[in-house]
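# Inside the fold
Chain by chain, the residues run as shown.
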Amino acid sequence: SFSPSSSSSFSHGTAISRFVSTLVLAEHEGGSVKTSSVSAVAAAKAISEENSISVLLAGSGPSLHEAASHAASCHPSISQVLVADSDKLAYPLAEPWAELVHLVQQEGGYSHIIAASSSFGKNVLPRVAALLDVSPVTDVIEISGPQLFVRPIYAGNALCTVRYAGANPCMLTIRSTSFPVAPISADSKCNTAPVTQVDLSTFIEVTLGKSRYLNHSSQETERPDLGNARVVVTGGRALKSAENFKLIEKLAEKLGAAVGATRAAVDAGFVPNELQVGQTGKIVAPELYMAFGVSGAIQHLAGMRDSKFIVAVNKDADAPIFQVADYGLVGDLFEIIPELLEKLPEK
Ligand code: FAD
């Protein structure tokens with residue numbers, strides 16, 4: 001059994017924080033839990049100090065079990081790791097995952113369910129919410145109490161405080177950039193939570209929906225992950241071609257940075273859409289964000305305005321990006337990037 005202690009007696013009122021138990025839906029890759037999922041654990045911890053946190057991992061094969069032992073030691077607040085091992089869960093498709101979470105929730109009676117606001121979380125969590133007949137609270141950036149959350153609205157131009165007054169479980173997606181965690185290596189050992197196998201005997205009967213896994217393609221790169229990088233170098237439409245975009249890539253390489261792009265650059269085919277930053281792309285908050293030939297449209301700002309330092313290079317002195325930039329340089333990127341490449345020391 002994987003029931004968290006006392007979760008079934010969760011109720012509204014002053015005793016709330018004593019009965020918080022959270023299920024974190026975790027993503028894993030190459031035998032490690034993704035940093036964004038560890039941020040979801042950090043968010044769960046912010047709900048209540050006394051939160052009993054279970055991390056759910058699913059998949060099949062050896063990498064799942066490697067990820068499970070990584071999960072068991074990746075954050076000191078994890079009470080247990082639940083592992084669902086099935087061929088039907090080999091790929092992170094929303095339908096089987098939603099059925100799985102539904103099953104685990106029926107067994108565990110968690111007060112909260114949290115996932116990172118990644119493509120995976122945004123895909124799975126609303127389905128689970130529909131199955132459980134509750135409304136999820138999405139894109140949470142601050143947790144003020146077990147049922148009090150802050151989330152951006154109007155593309156990040158206003159913050160809205162939401163009091164969740166629905167039935168249990170309270171379901172959240174969180175922006176991992178708002179719950180930063182120290183980088184975790186696969187061999188980190190801060191705690192070892194017990195690992196429990198989820199009993200899938202009833203799950204096997206479940207109809208698994210209409211989606212089919214076709215393939216997974218991602219760029220082979222040694223650059224840091226865009227969502228968690230300390231430095232991001234972004235190029236916009238002004239780069240004009242995929243060939244010219246290599247200037248951005250070279251600069252990123254020199255700085256040990258991740259590469260980002262505007263939607264205009266993605267739509268023009270300069271780079272794949274996994275590099276898109278913005279309202280309909282990735283949300284980033286690095287220590288340094290460098291934008292080259294980016295106008296600063298509101299939908300782009302929604303994805304990067306929380307960066308610590310913003311540097312913008314644009315040949316139009318009135319470009320809106322300069323309103324959010326800490327350092328702005330009016331000039332031609334085709335002159336400025338080569339100059340930077342020349343002056344920056346080799347890595
Ligand atoms: P442009 O707006 O065309 O700007 C190019 C800039 O480059 C200009 O400011 C120009 O002065 C400058 N420039 C030109 N040549 C040079 C040069 N040689 N040197 C230096 N500067 C130069 N956009 C996103 O980025 N992310 C999103 O997630 C996103 N989601 C969207 C969702 C919706 C529903 C909608 C409607 C739009 C969305 N957009 C998004 C698109 C957004 O509105 C803008 O169209 C887009 O961000 C513009 O990209 P850009 O800055 O590269 O291009």
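Each chain carries its own residue numbering, running from 1 in the direction its sequence is written. With pLDDT at 70 or above as the cut-off, local features in this predicted model cover only qualifying residues; side-chain atom pairs require 80 or more to be listed or tallied, and sums for whole chains, interfaces and linings still use all residues. Side-chain calculation: all heavy atoms of the structure are included, whereas hydrogens and water are not.

- Per an unreviewed UniProt entry, the recorded name for the chain is Electron transfer flavoprotein subunit alpha, and the organism is Tetracentron sinense.
- A UniProt comment under Function (unreviewed entry) is attached to the chain, and it reads "The electron transfer flavoprotein serves as a specific electron acceptor for several dehydrogenases, including five acyl-CoA dehydrogenases, glutaryl-CoA and sarcosine dehydrogenase. It transfers the electrons to the main mitochondrial respiratory chain via ETF-ubiquinone oxidoreductase (ETF dehydrogenase)."
- If you open the UniProt record of the chain and go to Subcellular location (unreviewed entry), you find "Mitochondrion matrix". UniProt positions are given in the numbering used here, feature names are shortened, and annotations may be inferred rather than shown by experiment.

### Some details on the overall build of the chain
- What the chain contains, in helices and strands, is nine helices and 17 strands.
- Overall, the chain is about 65 × 45 × 40 Å in size when its C-alpha atoms are taken along their principal axes.
- Burial status across the chain gives 49% buried among its 347 residues.
- Should any heavy atoms of two residues lie within 4.5 Å, those residues are counted as being in contact. Contacts spanning at least 24 positions in sequence make up 68% of the contacts within the chain whose residues lie at least 6 apart.
- By the counting rule applied here, Lys and Arg register as positive and Asp and Glu as negative, while His and the ends of each chain are not counted. Charged groups are reduced to one reference atom each: NZ for lysine, CZ for arginine, CG for aspartic acid, CD for glutamic acid. Charge separation in the chain, taken as the distance between the mean sites of 26 positive and 34 negative side-chain charges, equals 4 Å. We count a stretch as a helix when DSSP gives it H or I for four or more residues in a row; a strand needs E for two or more, and each element gets its number in order from the N terminus. Only protein chains enter the accessibility calculation, which uses a 1.4 Å probe; a residue is then buried when its area is under 20% of its type maximum, exposed when over 50%, and partly exposed in between.

### A few points about the confidence of the model for the chain
- Mean pLDDT over the chain stands at 89; residues scoring 70 or higher make up 90%.
- Across the predicted assembly, pTM comes out at 0.83 and ipTM at 0.99. What pLDDT reports is the predictor's confidence in each residue, on a scale of 0 through 100.

### Structural notes on unusual backbone geometry
- N168 connects to P169 through a cis peptide bond whose omega is 0 degrees.
- Inspection of the secondary structure puts P169 in the loop between β10 (158-163) and β11 (170-174).
- Non-glycine residue D133 carries a positive phi angle of around 60 degrees.
- Within the chain, D139 stands out as a residue other than glycine whose phi angle is a positive 55 degrees.
- Structurally, the position occupied by D139 is in strand β7 (residues 137-140).

### Some points on the site of the ligand
- Of all residues adjacent to the ligand, which total 25 residues, the nearest are R237, T262, T280, S295 and Q299.
- Nitrogen and oxygen atoms within 3.5 Å of one another constitute a polar contact, given that in protein one can donate a hydrogen and the other can accept it, and given that sequence-neighbouring residues count only through two side-chain atoms. Taking V277, its main chain carries an N or O atom lying 2.8 Å from a nitrogen atom of the ligand.
- Contact between the ligand and L333: a nitrogen atom at 2.9 Å from a main-chain N or O atom of the residue.
- Only the protein chains shown count as cover for residues, and the accessible areas themselves come from Shrake-Rupley with a 1.4 Å probe. Notes on the ligand: free accessible area 990 Å², of which the protein chains cover 75%.
- Ten residues, namely Ala, Val, Leu, Ile, Met, Phe, Trp, Tyr, Cys and Pro, are considered nonpolar, four, namely Asp, Glu, Lys and Arg, are considered charged, and the remaining ones, Gly among them, are considered polar. Of the residues contributing to the shell around the ligand, the split by class is seven nonpolar, 13 polar and five charged. Proximity criterion: a residue is near a molecule or strand once any of its heavy atoms comes within 4 Å of it.

### Notes on the packing of helix α5 (residues 242-255) against helix α9 (residues 333-343)
- As a packed pair, α5 and α9 sit with axes 10 Å apart at the nearest point and diverge in direction by 30 degrees. Put simply, α5 runs roughly parallel to α9. As α5 packs across α9, the resulting crossing turns out to be left-handed. Along the contact surface, α5 presents N244, L247, I248, K250, L251 and K254, while α9 presents F334, I337, P338, L340 and L341.
- A breakdown of the residues in the contact of α5 with α9 according to their chemical character gives eight nonpolar, one polar and two charged. Lines fitted to C-alpha atoms define the axes here, with helix axes fitted over just the stretch in contact, and angles between the N-to-C directions of these axes take values from 0 to 180 degrees. Should an angle fall under 35 degrees it is taken as roughly parallel, and over 145 as roughly antiparallel, whereas 65 to 115 is taken as roughly perpendicular and any remaining angle as oblique. In a left-handed crossing the near helix is turned counterclockwise from the far helix by less than a right angle, and in a right-handed crossing that turn is clockwise.

### Comments concerning the packing of helix α3 (residues 94-108) against helix α4 (residues 119-132)
- Where α3 meets α4, the axes come as close as 9 Å, and the angle between the chain directions of the two elements is 50 degrees. Between α3 and α4, the angle is such that the two are oblique. Handedness of the crossing formed by α3 with α4: right-handed. For the pair α3 and α4, the contacting residues are A94, E95, W97, A98, E99, V101, H102 and Q105 in the first and F120, N123, V124, R127, V128, L131 and L132 in the second.
- The residue makeup of the contact of α3 with α4, split by class, is nine nonpolar, three polar and three charged.

### Observations regarding the sheet that holds strand β6 (residues 112-116)
- Sheet architecture is open: seven strands sit in the order β7-β11-β6-β1-β4-β5-β12, paired in parallel fashion. At either margin of the open sheet sits one strand with a lone partner, and together these are β7 and β12 (195-197). Neighbour-to-neighbour, the strand axes of the sheet open up by a mean angle of 25 degrees, direction not taken into account.
- Where strand β1 (residues 21-25) and β6 come together, four bridges link them in parallel fashion. Of the residues in β6, the one forming a bridge with V24 is I114.
- In this fold helix α1 (residues 35-47) packs onto β1, β4 (52-59), β5 (78-85), β6 and β11, with an angle of close to 145 degrees to the strand it touches most, β6. The criterion for strand pairing is that DSSP finds at least two bridges linking the strands in question.

### Considering the pairing of strand β13 (residues 231-235)
- Counting buried positions along β13 yields five of five residues, so the element is predominantly enclosed.
- Side chains of β13 alternate between two faces, with V231, V233 and G235 and V232 and T234 buried alike.
- Sheet topology note: the β13/strand β15 (residues 288-292) ladder contains five bridges and is parallel. Following the sheet pairing, T234 is matched in β15 by A291.
- The sheet contact formed by β13 and strand β14 (residues 258-261) spans four bridges and is parallel. Looking at the pairing, V233 lines up with V259 of β14.
- Here, the term right-handed applies to a crossover whose path from the first strand over the helix to the second runs clockwise when the strands point away from the viewer. In terms of handedness, the path from β13 via α5 over to β14 forms a crossover that is right-handed.

### Regarding the pattern of salt bridges
- When a carboxyl oxygen of Asp or Glu is within 4 Å of a side-chain nitrogen of Lys or Arg, the pair counts as a salt bridge. For the structure shown, the criterion picks out nine salt bridges.
- For E95, the salt bridge goes to R127, with nearest N and O atoms at 3.8 Å. Of this pair, E95 sits in helix α3 while R127 is found in helix α4, placing the two residues 32 residues apart along the sequence.
- A residue is classified by how much of its surface remains accessible, and E95, at 13% relative accessible area, is buried.
- Residue R127 is classed as partly exposed on the basis of its relative accessible area, which comes to 37%.

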